Every structure is written in C-alpha cells, then in structure tokens.
Amino acid sequence: MTEIQEAQDKGQLTRRTVLAAGGVAVTAVGVGGAFAAGASAQEEAAEDTCYTLTSELVEGPYYIDADKIRQDVTEDEEGIPLALTLKVIDADTCKPLRDAAVDIWHCNALGIYSGYEAMGSGGGGGGGPAPSGTPTQTPTGTPTGAPPSGGPGGGGGGHQEPTDDERYLRGTWRTDKHGHVTFRTVFPGWYQGRCVHIHVKVHVDGTWTGAGYEGGHTCHTGQLFFAEKAVLLTEDVEPYSTNTTTRTTLDDDTIYPGNGHAGGLLYLKYDKKHIARGVRGHLTLGVAPDGTNNGS
C-alpha cells in the first residue's frame, strides 16, 4: 500500500435547518476491502498532532444546503470506492469537535455534479448538513450565506439554483466524540478548469434531533485535494478512462493553495497496482469553532 497526500479549500458556515424524512438505506457500489482496514498507528499519531487552521476556500456555485443525511453518498454512481475519514478539531486547543455537521459534495467520474446535470461536465459542487446515528434521508432547507466569487467550474462563481432532483455524491454526517466522521463515496473525476477535488463544510453549535440537524453556523468551507500520483492511476480505470475532458493538474489548479495538508491535501492509501480495488483517504481539519467562514 502506498500513502499519498493531497490538499483542500476553505469553508464557511451559515444557519440552517436540516430535517430528515423517512429512512432510505443506500448501498455503496463495490466498496470491497477499501473500507475494512483501520488507520495505521502512524496515521493515528498524525491525527492526534496539534494542527494549524485548515485553509478556507471558495464554496463553489453548486452547494445544496440541507440535502442528504447519510454517510454513504455513492447511490448508483460507478467509480473507484473511496472511504473518506475526516477528523475535526479546534485549531486553537487541538481538542476534537464532537457533534459537528460535516458536508461533502463532489462530481462523478465524468465530471458531473448531481443537481446540476444540465450544466454538463464541470457543473460545480455543493454540499449539505451532517447528522449521525441512524438518520438517513432528504432534509429541507434553503442555502444561505454570501455567494462566492472567482474560479471555474466547482471553484467559485455565484450560487446556482439546482437544475434537477439528483443528489448522488452529496451528504452530511455527524462527528463522533473523537471528532471523526467517515463517508463512503467514489474517487472524484475531473472537469475543465479544475483539478480533482471534494468540497467540504463544517457546521457547529447546531442541535441534533431525531430528524436531523438544526441551527448552528458554518465555521469552515474548504476543498480536499488528491495527489497527482493517485489521479494518474485512475485514468486507466473505467469509467474515468472515458472522461475526455482535459484535466487540470494539482499544481495548475487556481483554487488549491499549494500548502499541503493545511490546504486540504489528503493522505491516501491504496494498492498502486490495483487502485480500482479502493482508496482510503483521511485528513484532520483544524477549524475555528467561533468563526464564520462561508466560502465567499
């Protein structure tokens, strides 16, 4: 197995209400053994280290607030299984933040974002709130906060209203007492103007109920990035191999701050000869719980 690193954007937090309706169970496609193995002792030691603030980055035009309350965001999307574990800590005290709501959202292997399929490849990226426990469903809510500006595709630009009801590769979940939250998804693809990335938001000071998450504010808006070494391996795996869009490299991306893990670069583990079997990624997010970072 090989460990790689990658980077991410900034984020913000706004007041929201998340209500979960019903109970839909979603099963990831081909998760295999990628989610079975635990983090190594070295990884755990790294996560317990005190961190500086993680870079705040633009939200992008395709965030969808109060969407899916779930850990498995795969739905029926094809791609390399990705187990993503994030640890959220107070960058000042280095103590884990329990019960924070974490949103992730990203494009599929062909560079398309759910909710914005009419935009085609390079639609953008959005996210949602995050619960834990057993709730899984679609809450309701209205995105708030100042719209971000600058950047192509899922990087910047004013907020765009969804064009459809699809919500794959989007979800929200709750951090545990150690500040950890894990999502099951697929390795993102790419679209014109952006390197491979995942959007993320962290919300705090809200209230978890049996229906979901209510209130609070966004203390972090960022993006998570993937090292070129790993991305290059995905290009030979279907359906990534059918993505004909010219890919922007990590070094050429206009959003990635270039500061390694503090900027969102993920630690990755996978079999370099068989990356299609699955990838595990993790990163510690150092945030300012009292701050508001909306990604503008």
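Above: the structure in question.
The notes below deal with the structure included here. Everything quoted here is computed from the prediction, not taken from an experiment. (Residues numbered from 1 in each chain as written. Predicted model: local features only at pLDDT ≥ 70, side-chain atom pairs only at ≥ 80, totals over all residues. Heavy atoms only, no water.)

Our focus in this paragraph is the overall build of the protein. Summing up its helical and strand segments, the protein has two helices and nine strands in all. Counted from the first residue to the last, the protein has its helices and strands arranged as β-α-β-β-β-β-β-β-α-β-β. Looking at the protein as a whole, 57% of its 296 residues are labelled buried. Carbon and sulfur atoms make up 48% of the accessible area of the protein, which amounts to about 11300 Å² in all. (Helix = DSSP H or I, 4+ residues; strand = E, 2+ residues; numbered from the N terminus. Buried < 20%, exposed > 50% of the residue type's maximum accessible area, 1.4 Å probe, protein only. Areas by Shrake-Rupley, 256 points an atom, 1.4 Å probe, with all protein chains shown as cover.)

Here the focus is the nonpolar core. By size, the foremost hydrophobic cluster in this structure holds 41 residues, and its most contacted members are Leu86, Phe187, Leu224 and Phe226. When contributions to this core are tallied by element, the ones reaching two or more residues are β2 (81–90), β3 (101–105), β5 (180–186), β6 (197–209), β7 (212–225), α2 (228–234), β8 (267–270) and β9 (279–287). Not counting the four nearest positions on each side in its chain, phenylalanine 187 is found in contact with Ile80, Leu82, Val196, Phe226, Ala230, Val231, Thr234, Tyr240 and Val279. Counting eight residues, the second largest nonpolar core, distinct from the first, contains Leu57, Val58, Phe225 and Leu250. (Core = buried A, V, L, I, M, F, W, Y, C linked by side-chain atoms within 4.5 Å. Contact = heavy atoms within 4.5 Å.)

Here we take up the environment of leucine 283. With respect to the element layout, leucine 283 can be found in strand β9. Relative accessible area serves as the criterion here: at 0%, leucine 283 is assigned to the buried category. The spatial distance from the C-alpha of leucine 283 to the C-alpha of leucine 265 is 7.8 Å, given a sequence separation of 18 residues.

For the rest of this paragraph, the subject is the pairing of β5. Taken across its seven residues, β5 has five buried, putting it largely inside the fold. Both β2 and β5 contribute to a ladder of seven bridges, which runs antiparallel. Paired with leucine 82 across the bridge in β5 is threonine 185. (Pairing = 2+ DSSP bridges.)

Turning our attention to unusual backbone geometry. Across the junction of glutamate 238 and proline 239, the peptide omega takes the value 0°, indicating a cis bond. Within the secondary structure, proline 239 is located in the loop between α2 and β8. One non-glycine residue with positive phi stands out, namely glutamate 75, at about 55°. As for its placement among the helices and strands, glutamate 75 is situated in the loop between α1 (41–47) and β2. Here glutamate 75 falls in the partly exposed class, since its relative accessible area comes to 22%.

Moving on to the environment of glutamate 78. With respect to the helices and strands, glutamate 78 occurs in the loop between α1 and β2. In the structure, glutamate 78 is positioned 161 residues away from proline 239 in sequence and 7.0 Å away in space, judged by C-alpha atoms. For glutamate 78, the residues in contact, after removing those within four places along its chain, are Ala109, Val186 and Pro239.

This part takes up the side chain of arginine 247. Along the chain, arginine 247 turns up in the loop between α2 and β8. A relative accessible area of 16% means that arginine 247 is categorised as buried. Within the structure, arginine 247 has its side chain in polar contact with the side chain of glutamate 228 (distance 2.9 Å). Filtering out sequence-adjacent residues up to four positions away, arginine 247 remains in contact with Trp190, Val196, Glu228, Val231, Leu232 and Glu235. (Polar contact = N/O pair within 3.5 Å; in protein donor to acceptor, adjacent residues only side chain to side chain.)

The subject of this paragraph is the pattern of salt bridges. For side chains bearing opposite charge, pairing can occur when the charged atoms are close. For the structure shown, the criterion picks out seven salt bridges. A salt bridge links glutamate 59 to lysine 201; its shortest N-O distance comes to 2.9 Å. Separated by 142 residues along the polypeptide, glutamate 59 in the loop between α1 and β2 and lysine 201 in strand β6 bring together distant segments of the chain. There is no split in this pair, since glutamate 59 and lysine 201 are both buried. Here aspartate 271 and arginine 277 are joined by a salt bridge, their closest N and O atoms 3.8 Å apart. By relative accessible area, aspartate 271 is classed as partly exposed at 25%. Residue arginine 277 is classed as exposed on the basis of its relative accessible area of 54%. (Salt bridge = Lys/Arg side-chain N within 4 Å of Asp/Glu carboxyl O.)

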